[in-house]
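Now for the letters of each chain:
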Amino acid sequence: MLDQAQRILKDVFGYDSFRGRQGAIIERVASGGDALVLMPTGGGKSLCFQVPALLRDGLAVVVSPLIALMEDQVATLNELGVAAVALNSSLSTEEQIEIAGRIRRGEIKLLYVAPERLVQPRMLSFLEGLEIALFAIDEAHCVSQWGHDFRPEYLQLGQLAELFPDVPRIALTATADMRTREEIVQRLHLQSAERFLSSFDRPNIFYRIVPKEQPRKQLLSFLTPRKGDAGIIYCLSRKKVEEVASFLCDQGFPALPYHAGLSNDLRAYHQRRFLNEEGLIMVATIAFGMGIDKPNVRFVAHMDLPKSLEAYYQETGRAGRDGLPADAWMTYGLQDVIFLKQMLNNSEGDERHKRIEQHKLDAMLALCEETRCRRQALLKYFDEELEKPCGHCDNCVDAIQTWDATEPARQALSAIYRTGQRFGVGHLVDVLQGRENDKVRDLGHQHLSVFGIGKSMNDGEWRSLFRQLVSRGLVELDLEGFGGLRLSDSCRPLLKGEVSLQLRRDLKPQQSAKASGSAASQLVRSDEKTLWEALRTLRRKLAEEHSVPPYVIFPDATLLEMLRSKPSTLPEMAQVSGVGARKLERYGEAFLEVLNGGEETPRAVADLRHELVSLARAGMTPAQIASQLSCTEKSVYSMLADAIGRQQLSLEQALDLPEELLGEIQDAFLDGEGELPPVAEIIEQFAGQVDPGVLYCVRAALQAEFEA
Ligand code: ADP
Ligand code: ZN
């Protein structure tokens, strides 16, 4: 069975091997068993039911909560030559009847349908009259009332177990927590499902969290090296969304706003543009979320602090679904903490609920102030141990330092206490720095013992210290008033000198600006840009012709592999990951043309090569070819060697060498151990016997043999 699955993977999807547990999941479902699949975003969940759908007889029914998600998958499958359709409310009655007819005739392999439609009695009895290959329940966490995406319609999917006892069911979700998992099993009656739990690590995402100083400037320096990339920027308020979007447009970054205050039409329009165009930035509130399956979102930036690690993980997880390098970047400061705590304080709900929310916010703050590996900390929160620091987050690469802040912290605490526990950070810093401004004088704070005791640290360092005291709960915020600080019970041991305090040393602004630019990303090198853009242009053109998003034609990963491996023939193109039979047939030639007409191999050279190969195959000698193509013998040899290396020509086709001489040359190359020696090393040995070009050709043939 796996053999067959492997073949489908290659022929239809164009991929060489299964990722993670895909193989095992596919085997389980294809052989008729139920499965619960927990895999992070971008892990490759779709193949887990799409491949079994092709392996089994009958119709595979896929339940999906959003029209956008369905349409995306259907378009992708159709491009691969797989018969898939989506039934949704946007279809006319005639269209629905037509689809039903095709299903009855067995012409459709996958049917995507919304849960509320699936459970309609008419739909169910229609399906009962058919052979069903499997049911796939995507975004299965929607069945959980505990989760954030609860959809009551999902509750009714439980009845599939009784109605179709012999049809395998596979439920999939990227939501990891235990409680949701158990709820899925319960409500969907998946007690006998085998569970497939993957790591929730997203290794391609680089995490960076910076203290907020000049947020817009910081954002710009993060974005500048990423110009042309698609990304999402999250802000807390609608107003800020609008402001940041227009600021970015002014700065030459194409950005669109998205929030619940915009009309439905405009929101849908912006979302469509984000999916279909390249390099757009969506500035959004968290209203922008589920259903965003765009695989090549290169970054997610947070201008404000999310209120939990669950939210942070989910929002940042929208970056890099395609597995290519992506960035999660966030700036946060004391204002964020004050704001979120105030919101929590003013929210409806009972004490217990508030305590849970408080706890979640504290975990988020702890991640911000974390001095060790962020990924380790993040995964640990989701009960996953990462053995070693990841080496792919800011804390790992910047070698974050901690410092002994015991003494300054005590000074800060006593400044809070002596000023009467009602002032915000601005005034406290003025007092510590000994600034005799109006406010200080009016209050008489210049006479306090703490006045001017903090001159050895600058304002930024003090603010960072206060922020960390708040984050750690050593200092509390006055939430009714204006964010005044007061001591909390937990600061006593510190005040009394019973414990010491180690804090994170923030990077200097210029350091962090530099670091944020250099860390991850930048998929293509500057010398590759021209060809990359040419490939993207062709992809966009094809996407428009077929009315699908560009990534449905080919994902970035595939385009990138083309760029790097430069296939020059259709068989070579077929080797590229993501190029299945159907796409090869449809698009292979067009992309080859761009690749071979690109910067590094101008069109004329490509043509010349082509002709050279035909002439050599027709039996011409290098000298004859040279005169035919009006170029030097030397360049003929070099093109021949090249063609041999690419296995477009055999050595025999290229040259007519006496057996014995060929044997001698091969021996000379193979004499040493390990690597083939360069031609220069044996050139003397054959001086006068053969043209040096011959040696290049023989070497290329040996090399190709080694690599095969
Ligand atoms: P998920 O639904 O888990 O977020 P997808 O099914 O959308 O993830 O897959 C993410 C990306 O990874 C897609 O572009 C998909 O084509 C690609 N992919 C999935 N499985 C493989 C594989 N075995 N080899 C190469 N690419 C894969
Ligand atoms: Zn790390």
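Just so you know, these numbers come straight off a predicted model, no measurement behind them. (Residues numbered from 1 in each chain as written. Chains lettered and ligands numbered in written order. Predicted model: local features only at pLDDT ≥ 70, side-chain atom pairs only at ≥ 80, totals over all residues. Heavy atoms only, no water.)

Secondary structure assignment for the chain yields 35 helices and 17 strands. Taken along the three principal axes of its C-alpha coordinates, the chain extends 100 × 75 × 45 Å. Across the 708 residues in the chain, those meeting the buried criterion constitute 53%. Taking all contacts inside the chain whose residues are at least 6 apart in sequence as the whole, residues at least 24 apart take part in 71%. (Helix = DSSP H or I, 4+ residues; strand = E, 2+ residues; numbered from the N terminus. Buried < 20%, exposed > 50% of the residue type's maximum accessible area, 1.4 Å probe, protein only. Contact = heavy atoms within 4.5 Å.)

Around ligand 1 sit 14 residues in total, of which Tyr15, Gly42, Lys45, Ser46 and Arg321 are the nearest. The side chain of Gln22 places a nitrogen or oxygen atom 3.0 Å from a nitrogen atom of ligand 1. Between ligand 1 and Arg321 there is a distance of 2.6 Å, counted from an oxygen atom to a side-chain nitrogen or oxygen. Burial of ligand 1 by the surrounding chains reaches 83%, relative to a free accessible area of 570 Å². (Near = heavy atom within 4 Å. Polar contact = N/O pair within 3.5 Å; in protein donor to acceptor, adjacent residues only side chain to side chain. Areas by Shrake-Rupley, 256 points an atom, 1.4 Å probe, with all protein chains shown as cover.)

The next subject is the side chain of Arg504. Its place among the elements puts Arg504 in strand S17 (residues 502-504). Within the structure, Arg504 has its side chain in polar contact with the backbone oxygen of Glu370 (distance 2.5 Å).

Attention now moves to the nonpolar core. Considering soluble globular proteins, one finds that nonpolar side chains tend to be buried as a cluster. If you look at the biggest cluster of nonpolar residues, it comprises 92 residues, and the most contacted ones within it are Leu118, Leu127, Tyr312, Phe466 and Leu469. It is helix H15 (residues 351-369) that provides the largest number of residues to this core, a total of six residues. Among residues more than four places away in sequence, those in contact with Leu469 are Ala409, Ala412, Leu413, Leu474, Val475 and Leu501. Of all hydrophobic cores here, the second largest spans 45 residues; its members include Leu275, Leu542, Ala543 and Val576. (Core = buried A, V, L, I, M, F, W, Y, C linked by side-chain atoms within 4.5 Å.)

Bound to the zinc ion (ligand 2) are the protein donor atoms Cys373 (SG), Cys390 (SG), Cys393 (SG) and Cys396 (SG), situated 2.3 to 2.4 Å from the metal. Between the four donor atoms coordinating the zinc ion (ligand 2), the angles at the centre fall across 100 to 118°, so the site counts as tetrahedral. Sequence spacing of the donor residues for the zinc ion (ligand 2), all on one chain, is C-x16-C-x2-C-x2-C. According to the relative accessible area criterion, Cys393 is buried, its value standing at 0%. Judged by relative accessible area, which is 25%, Cys396 ranks as partly exposed. (Donors = N, O, S within 2.8 Å, 3.2 Å for Na, K, Ca; no water. Tetrahedral: all angles 85-135°; square planar, octahedral: opposite > 155°, others 65-115°.)

Viewed as axis vectors pointing N to C, helix H19 (residues 425-433) and helix H21 (residues 459-471) meet at an angle of 130°, and their least axial separation amounts to 10 Å. Between H19 and H21, the crossing angle belongs to the class labelled oblique. When the axes of H19 and H21 are compared, the crossing they make is right-handed. Of the residues in H21, those in contact with Val425, Leu428, Val429, Leu432 and Gln433 of H19 are Asp459, Trp462, Arg463 and Phe466. (Axes fitted to C-alpha atoms, helices over the stretch in contact; angles between N-to-C directions. Parallel < 35°, antiparallel > 145°, perpendicular 65-115°, else oblique. Left-handed = near helix turned anticlockwise from the far one by under 90°.)

The next subject is helix H31 (residues 633-645). With 13 residues, H31 extends 18 Å from end C-alpha to end C-alpha; this agrees with the ideal 18 Å at 1.5 Å per step. What H31 keeps buried is the set Val636, Tyr637, Met639, Leu640, Ala641, Ala643 and Ile644. Once H31 ends, the next one or two residues include Gln647, with phi positive near 60°. (Expected span 1.5 Å × (residues − 1).)

Moving on, we get to the sheet that holds strand S3 (residues 84-87). What the seven strands build is an open sheet, ordered S3-S4-S2-S5-S6-S1-S7; its pairing is parallel. In the strand order of this sheet, the two ends are held by S3 and strand S7 (194-197), each with one partner. Ignoring which end each strand starts from, the neighbouring axes of this sheet average 20° apart. Pairing geometry for strand S1 (residues 35-38) and strand S6 (residues 169-173), over four bridges, is parallel. From the neighbouring strand, Leu38 faces S6, where its bridge partner is Thr173. Running over the sheet, helix H4 (residues 67-79) touches S3 and strand S4 (110-113) and is turned about 160° from S3. (Pairing = 2+ DSSP bridges.)

A sheet is described by the order of its strands in space; here six strands give the open sequence S8-S13-S12-S9-S11-S10, paired in parallel fashion. Either end of the sheet is taken by a strand with one partner, and the two such strands are strand S8 (205-211) and strand S10 (255-258). With strand direction ignored, the average angle separating the axes of adjacent strands in the sheet is 15°. Judged from the four bridges that link them, S10 and strand S11 (residues 281-284) form a sheet pairing that is parallel.

A few words now on the confidence of the model for the chain. Confidence in the prediction for the chain averages 89 pLDDT; 96% of positions are at 70 or higher. When the criterion is pLDDT under 50, residues 599-603 qualifies, and its contacts beyond four places in sequence or with other chains add up to ten contacts. (pLDDT = per-residue confidence, 0-100.)

On to the environment of Ser246. Inspection of the secondary structure puts Ser246 in helix H11 (residues 238-250). On the basis of relative accessible area, Ser246 is assigned to the partly exposed category, the value being 41%. Taking the C-alpha atoms as reference points, Ser246 and Leu256, separated by ten residues in sequence, lie 8.1 Å from one another.

Take Glu315: it is sitting in helix H13 (residues 309-316). For the buried Glu315, no salt bridge exists, and the shortest N-O distance to an oppositely charged side chain is 5.3 Å, to Arg318. Each residue touching Glu315, except ones within four places of it in the same chain, is listed here: Tyr234, Ile286, Val300, His302 and Pro306. (Lys, Arg positive; Asp, Glu negative; His and termini not counted. Salt bridge = Lys/Arg side-chain N within 4 Å of Asp/Glu carboxyl O.)

Next up on the list: a nonpolar patch on the surface. On the surface, Leu236, Phe339 and Met343 cluster together into a nonpolar patch covering about 260 Å² of accessible area. Turning to its location among the elements, Phe339 is positioned in helix H14 (residues 334-346). Relative accessible area serves as the criterion here: at 39%, Phe339 is assigned to the partly exposed category. (Patch = residues over 30% accessible without salt bridge, like charges linked within 9 Å, V, L, I, M, F, W, Y side chains within 5 Å.)

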